[in-house]
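# Fold and contact review
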Amino acid sequence: MESLVVQGGLRLEGTLRVDGAKNATLPILAASAMTEDTVHLLDVPDILDVRRMADILDMLGCETRRCGRAMTVSGRSMRSSEMPDQLSKQIRSSIFLLGPILSRFRQATVTYPGGCEIGLRPIDLHLSGLRSLGVEVREEGGVVHCDGTHMHAGEVHLDYPSVGATENVIMAAVCLPGTTTIHNAAREPEIVDLCRFICAMGGKVQGAGSPTVVVDGVKRLHGVTYTLMPDRICAGTMLAAGAITGGSIELTNAPVAEMHAICAKLREMGCTLHEETDVLRLESPRRLLAFPILQTQPHPGFPTDMQAQMLALLCVAEGTGVIVENVFENRFTHAGDLNRMGARIICSGRTAIVRGVEGLIGTHVIARDLRGGAALVLAGLKAQGETVIEHAELIDRGYDHFEKQLCSLGAQVRRTTDAT
Ligand code: UD1
């Protein structure tokens, strides 16, 4: 087991470059399997979920190679349409391979995917979207068999704008003859990045970033060199680290245009933010102010992936604030650990009510999911004394050497590894 040990009370200051986005990299890696040519990806984050996705691609017969921040994927020798069982259970985004595998082989077998324990996270929207394209789906003992023999372009209505389902349907439709229209599509910036990538490979996708996405089928996709968009959630987490320590942070390569909701909330808390094309500067007050309410929503609303970090900030802000989690049904598991550090959070269903306290006290806490784990690290930066966050491997799923990044800003965070 990995743990992060945080020495609290230091003010963070300095400049950091934002890495490529996890939620763009994962579907783009999956989409790379749709061509037999080689794909070169640049600015690929070195995180656990990306390593696992590369392992899955390798097991399907693709060849992935990493060299520093670049990765090549060659789908030429891809032969299997069956997703490896154990790895799919570890990473939810393995489900993104359903669309690409169907596109290549017209057959796909996947195990129900894993990922963070933040709710039920079913895949019904993915499957109903694919059914609208003529895919026959059979579910048996946790395994989903998809038969795409009679796949065709068509109209897809998503009951809810699911990010993954939107991406899967787009990928399944890219090489189908005719026009596919997805209604009530998710609008997240990472979907726009995926579609830019698909278009760079020769696909035809319009409307990404809006609720209606139109895919005109092409015969084949070709290789490409592509730079991934920067990670708005990692960027937001680093701003939050600056804010909770009363610090001053500059981010370069920041996806400024995609971060309005996050910046607006930080401003409500008393922070000053200067925005340039791809640079963000944050100055924080001596004590943060509580915002009255934050509600997570699909994009362009406030991202659920920043909710836990904002909860950590609210714990030490002046006043009382409320957070409502509308996207996932079980995403306050970090609240209990924050309370053990001295916070005053009351949770009821999807709502957390927080009465700000002046300070937190370091103790042993447990990361229970990726962003909740990051929130505990943020709380540790503010707390008096030492905070030990167990199960840091969950944080490694989405942050590229988190402790090194924080230390480069003046934090004291070290990693320990325990044999158990
Ligand atoms: C993606 C992101 C994740 C982010 C989430 C919401 C990646 C790799 N992950 O996850 O970081 O938190 O978007 O912004 O991009 N749902 C169903 N049925 C389905 C699919 C989803 O009911 O078939 C529900 C989920 O349980 C959840 C909600 O819809 O409550 C949103 O899920 P979705 O947008 O699909 O998120 P993911 O693609 O899993």
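Further up the page is the structure itself.
Here goes a summary of the coordinates provided. Here the structure is a predicted model, which means the values were calculated and not measured. (Residues numbered from 1 in each chain as written. Predicted model: local features only at pLDDT ≥ 70, side-chain atom pairs only at ≥ 80, totals over all residues. Heavy atoms only, no water.)

## Quick look at the side chain of Arg-397
The test is simple: For helices the rule is a DSSP run of H or I covering at least 4 residues; for strands it is a run of E covering at least 2, with both sets numbered from the N terminus onward. When a residue's accessible area, from a 1.4 Å probe over protein chains only, is under 20% of the maximum for its type it is buried; when over 50% it is exposed; and in between it is partly exposed. Nitrogen and oxygen atoms within 3.5 Å of one another constitute a polar contact, given that in protein one can donate a hydrogen and the other can accept it, and given that sequence-neighbouring residues count only through two side-chain atoms.
Residue position: Arg-397 is located in the loop between helix H13 (393–396) and helix H14 (402–408). Exposure remark for Arg-397: the relative accessible area of 9% places this residue in the buried category. At a separation of 2.7 Å, a polar atom in the side chain of Arg-397 contacts the side chain of Asp-49.

## Brief notes about the packing of aromatic side chains
Quick reminder of the rule: A pair of Phe, Tyr and Trp rings is counted when the ring centres sit within 6.5 Å of each other, with Trp represented by its six-membered ring. The angle between the planes then sorts it: under 30 degrees is stacked, over 60 is edge-to-face, the rest tilted. Charge-over-ring contacts are defined here by two conditions on Lys NZ or Arg CZ: a distance within 6 Å of the ring centre and an angle within 35 degrees of the ring normal.
A full pass over the atoms with the stated rule returns two aromatic pairs. Looking at Lys-265, its charged tip hangs above the ring of Phe-291, at a distance of 5.2 Å from the centre.

## Regarding the site of the ligand
Note the threshold: Here a residue is near a molecule or strand as soon as one of its heavy atoms is found within 4 Å of it. Here the open area of atoms and residues is found with the Shrake-Rupley method and a 1.4 Å probe, where only the protein chains shown may cover a residue.
The local shell around the ligand holds 18 residues, among which Asp-124, Leu-125, Ser-162, Asp-305 and Val-327 are the closest. Contacts to the ligand include Asn-23, whose side-chain N or O atom sits 3.0 Å from an oxygen atom. Between the ligand and Pro-122 there is a distance of 3.2 Å, counted from an oxygen atom to a backbone nitrogen or oxygen. Contact with the protein chains hides 88% of the accessible area of the ligand, taken as 730 Å² for the molecule alone. Here the shell around the ligand gets three residues from one element, more than from any other, and that element is helix H5 (residues 124–132).

## A closer look at the sheet that holds strand S9 (residues 155–157)
Under the convention used in this document: Paired strands are those between which DSSP finds at least two bridges. For helices, the fitted axis covers only the stretch in contact; all axes are lines through C-alpha atoms, and the angles between them, taken along N-to-C directions, range from 0 to 180 degrees.
With mixed pairing, four strands are arranged side by side in an open sheet as S9-S10-S12-S11. Of all strands in the sheet, those with a lone pairing partner are S9 and strand S11 (204–206), marking the two edges. The mean angle between the axes of side-by-side strands here comes to 15°, regardless of whether they run parallel or antiparallel.

These results come straight from atomic positions and should not be treated as a statement about function.
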